[in-house]
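# Observations on chain architecture
Letter by letter, the chains look like this.
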Amino acid sequence: MNINKIFKWGMVVLIAISVAILVWGFAAGWPKTVQTANAPVNALLTWAVIMIGLALFCWVIIGLIKSISNDPKNLVKIGLVLAGAVVLCLVAFLFAKGDPAIGYTGKPVTEGQLKLTDTILNLSYITGAAAIVAIIVGEIRMSTASKKK
């Protein structure tokens, strides 16, 4: 069976489920209590997270299967990239301080949440800097490659 046909029908099924959840939620009525005043938003955001997670899972698994079937040596490259990502996350976690935000007057959070937030911020800084460096290096390589011709 053609993989494009599988993707096409998979998308149709997911869109149908999304529309059914939306219609069902508004037709049946959302709870109107104070605790669940945002029930439609919460339900739709939860479904969006589920769909993003499913898409990422399929992307990784299908990419892995296609990569291994084309060239089994790619498994070593994938392992190296995965190990690099784990090391990057570990470095970001080790450099995360976990201090509360200055001037924050909202609900107090746990130390674990603060450490995780700082880790995510560190990962954002690292990947942003890496993107800038990659753009600069790419432009330099392209300009030197065009001068050689």
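Each helix and strand in the protein was counted, giving 4 helices and 0 strands. Considering only contacts in the protein between residues 6 or more positions apart, those separated by 24 or more positions represent 47%. When the accessible surface of the protein is split by element, carbon and sulfur atoms take 75% of a total near 12300 Å².

Right, let's talk about the confidence of the model for the protein for a bit. For the protein, the mean per-residue pLDDT works out to 83, and 90% of the residues sit at or above 70. When mean pLDDT is compared element by element in the protein, helix H4 (residues 111-148) scores highest at 91, while helix H2 (residues 39-70) scores lowest at 81.

Attention now moves to the packing of aromatic side chains. Counting across every chain of the model gives 0 aromatic pairs. Note that Lys115 overlies the ring of Phe93, its terminal NZ or CZ placed 4.8 Å from the centroid.

This paragraph deals with the side chain of Thr119. As for its position among the elements, Thr119 is in helix H4. By relative accessible area, which is 8% here, Thr119 ends up buried. Sequence-distant contacts of Thr119, defined by excluding residues within four places in its chain, comprise Cys89, Ala92, Phe93 and Ala96.

A surface patch of nonpolar side chains, about 830 Å² in accessible area, is lined by Ile52, Leu54, Leu56, Phe57, Trp59, Val60, Ile61 and Ile65. Residue position: Leu56 is located in helix H2. For Leu56, a relative accessible area of 46% translates into the label partly exposed.

Attention now goes to the environment of Thr127. Here Thr127 lies in helix H4. Linking Thr127 and Leu88, residues 39 residues apart in sequence, is a C-alpha distance of 9.6 Å. Of the polar contacts made by the side chain of Thr127, one reaches the backbone oxygen of Ser124; its length is 3.2 Å.

Residue position: Asp118 is located in helix H4. Buried charge without a partner: Asp118 forms no salt bridge, and the closest opposite charge is Lys115, 7.4 Å away.

Another point: the environment of Ile17. Position of Ile17 relative to the elements: it lies in helix H1 (residues 3-28). Look at Ile17 and you get partly exposed, because its relative accessible area is 34%. Ile17 sits 30 residues away from Trp47 along the chain, and the two C-alpha atoms are 9.6 Å apart.

Parameters and conventions
Once a new chain begins, its residue numbering starts again from 1 and follows that chain's sequence as written. The predicted origin of the model limits local features to residues at a pLDDT of at least 70 and limits the giving and counting of side-chain atom pairs to 80 or more, whereas totals for whole chains, interfaces and linings rest on all residues. Where side-chain values are given, they derive from all heavy atoms of the structure, hydrogens and water being excluded. Numbering of helices and strands starts at the N terminus; helices are DSSP runs of H or I of at least 4 residues and strands are runs of E of at least 2. Working rule for contacts: check all heavy atoms of both residues, and any pair within 4.5 Å makes them a contact. Shrake-Rupley sampling with a 1.4 Å probe provides the accessible areas, and residues are treated as covered by the protein chains on show and by no other component. One confidence number per residue, pLDDT, is output by the predictor and ranges from 0 to 100. Two aromatic rings from Phe, Tyr or Trp, using only the six-membered ring of Trp, form a pair when their centres are within 6.5 Å; if the ring planes differ by under 30 degrees the pair is stacked, by over 60 it is edge-to-face, and anything between is tilted. Comment: the charge-over-ring label is applied if NZ (Lys) or CZ (Arg) is within 6 Å of the ring centre and within 35 degrees of the ring normal. Burial classification: accessible surface area is computed with a 1.4 Å probe over protein chains only, and a residue below 20% of its type maximum counts as buried, one above 50% as exposed, and the rest as partly exposed. Patch construction takes residues with relative accessible area above 30% that form no salt bridge. Like charges are linked within 9 Å, and nonpolar side chains (Val, Leu, Ile, Met, Phe, Trp, Tyr) are linked within 5 Å. Criterion for a salt bridge: a side-chain nitrogen of Lys or Arg within 4 Å of a carboxyl oxygen of Asp or Glu. Two N or O atoms form a polar contact when they lie within 3.5 Å of each other; inside protein one atom must be a possible hydrogen donor and the other a possible acceptor, and for residues adjacent in sequence the pair counts only when both atoms belong to side chains. When charges are counted, Lys and Arg contribute as positive and Asp and Glu as negative, whereas His and the chain ends are disregarded.

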